[in-house]
Every structure is written in C-alpha cells, then in structure tokens.
Amino acid sequence: MKYFTYLAISIMVIAVISLFYLKKPDGQTWLSALLISNESQQAKEKVISLSSNVLDQAVQGVKQAGDQIVNRISDEPAAANATSNGKIFKWQDETGQWHFSDTPNPHAKSIEVTLDPKGVTIIAAEDTSILNRIPKTLNTPTEQVVPSVFNSDSIKKLFQDTENVKQKLEKRNKEINNLSAL
C-alpha cells in the first residue's frame, strides 16, 4: 500500500510537470510561471477588494449605529434639559461613589463640571418612586436585583469585546496591507 501511494504521487507530480512542457494546438504551453503569477495576482486582488469592501461596510455600519444613538440621545427631552442650562454638578457620597446631576447636592459640596456632550453616554434612570412606598423599618435582607442592561459587569465585558474586535480588525487590515504591498 505504501509503494502504491508513492507511485500514485509520483505519477501526479510527473503529470503536473509535463503541463509546463506540453503545448496546446496554438503553440502555448498548458502551464507557465507567468500564467500562474498572473492568476495568483488576480486572486490576491479579488481577496483584497472583497476584504476591504467588508471592512468598509462594517465601519460604515458602526458609524451609522453611533450616529443613530447620538441622535436618539440628543432627541430625548431629559438630555435637552440637562444641556440647555449648561450646568452639571458632581459630588461624592460617604461611600466614595461619585454622583452627577443638573442640581447641586444640598447636603454635600458639589463641584460644577463641564462635559462634552459627544463623549457622554446617557443611560435612562431607573424608576425610584417605589422606594417611597417601602417602610424604613423593614429588617429582612433583600437582594437588589439590577436589570441586566444596567449591569456594570456586562457593560465592561461589552467594552472589552468591542476593543478585542477593534484590535482584530486592525490586525487584519495590516495583514491585508502587507499582502497588497507584495
């Protein structure tokens, strides 16, 4: 079986090599180094054009999604009110947590800050009206359930995944540029 495999491979190699010497009726060889070079160059150009088109489409999609998010945020009345008076205050509570608001905190020292609206991500506030109905003498421990959309771990993971995708796209773009330089 081993010798049969060697024999079959040898016959295939001889057949491929003979294509460089055998000629068509028009006098051209069936295969030539120039033909292979031209075909591989055309294939490389097709791959590069397809890859760059896909990358351009992905970049356009991300830009459009970002523009839509910015437009939706700027269309919300709360965002318009916050930016209309132009004042944003921040303060730190006793646990070290920073808070931002459009009104200063009467119980703590507030610092007025100026924020760039394009660099701010606005998340809708949770409805806290239910807190007014809970009696303060409740001694049973309850777990605070945070909706998964506002879960800080999932948001951090989303940003990490986004950064990983960005790095992979940049690496792929560099590889494509290196191939096109050949």
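Residues numbered from 1 in each chain as written. Predicted model: local features only at pLDDT ≥ 70, side-chain atom pairs only at ≥ 80, totals over all residues. Heavy atoms only, no water.

Visitor: Pulling in residues and values, what's your account of the overall build of the protein chain?
Guide: Check the secondary structure of the protein chain and you find four helices and three strands. In the protein chain, the order of α-helices and β-strands from amino to carboxyl end is α-α-α-β-β-β-α. Taking all 182 residues of the protein chain together, the buried fraction comes to 7%. Across the protein chain, every contact between residues at least 6 apart in sequence was considered, and the portion connecting residues at least 24 apart equals 26%. Accessible surface, the protein chain: about 16,200 Å² in total, of which carbon and sulfur atoms supply 59%. (Helix = DSSP H or I, 4+ residues; strand = E, 2+ residues; numbered from the N terminus. Buried < 20%, exposed > 50% of the residue type's maximum accessible area, 1.4 Å probe, protein only. Contact = heavy atoms within 4.5 Å. Areas by Shrake-Rupley, 256 points an atom, 1.4 Å probe, with all protein chains shown as cover.)

Visitor: Please provide a residue-by-residue account of the sheet that holds strand 1 (residues 88–92), values included.
Guide: Sheet architecture is open: three strands sit in the order 2-1-3, paired in antiparallel fashion. The sheet is open, and its two borders are formed by strand 2 (98–101) and strand 3 (111–113), each paired with just one other strand. Here the strands of the sheet are splayed against their neighbours by 35° on average, with no regard to which way each runs. Note: strand 1 against strand 2, four bridges, orientation antiparallel. Counterpart to Trp91 in the pairing with strand 2 is His99. (Pairing = 2+ DSSP bridges. Axes fitted to C-alpha atoms, helices over the stretch in contact; angles between N-to-C directions.)

Visitor: For the UniProt feature "coiled-coil region" (unreviewed entry) in the protein chain, give the residues involved together with the corresponding values.
Guide: Under the UniProt annotation, "coiled-coil region" (unreviewed entry) lies at residues 155–182. The span residues 155–182 is 96% helix and 0% strand, and its two end C-alpha atoms sit 41 Å from each other. (UniProt positions renumbered as here; feature names shortened; annotations may be inferred.)

Visitor: Describe the side chain of Lys44, listing the residues and the values that go with them.
Guide: As for its placement among the helices and strands, Lys44 is situated in helix 2 (residues 33–75). Among buried charged residues, Lys44 stands out as having no salt bridge; its nearest opposite-charge side chain is Glu45, 6.9 Å away. Not counting the four nearest positions on each side in its chain, Lys44 is found in contact with Leu179, Ser180 and Leu182. (Lys, Arg positive; Asp, Glu negative; His and termini not counted. Salt bridge = Lys/Arg side-chain N within 4 Å of Asp/Glu carboxyl O.)

Visitor: Tell me about the pattern of salt bridges, and name the residues and values.
Guide: Throughout the structure, instances matching the rule amount to one salt bridge. Between Lys157 and Asp161 there is a salt bridge; the shortest N-O distance is 3.3 Å. With Lys157 and Asp161 both in helix 4 (residues 152–181) and four residues apart, the pair spans about one turn of that helix.

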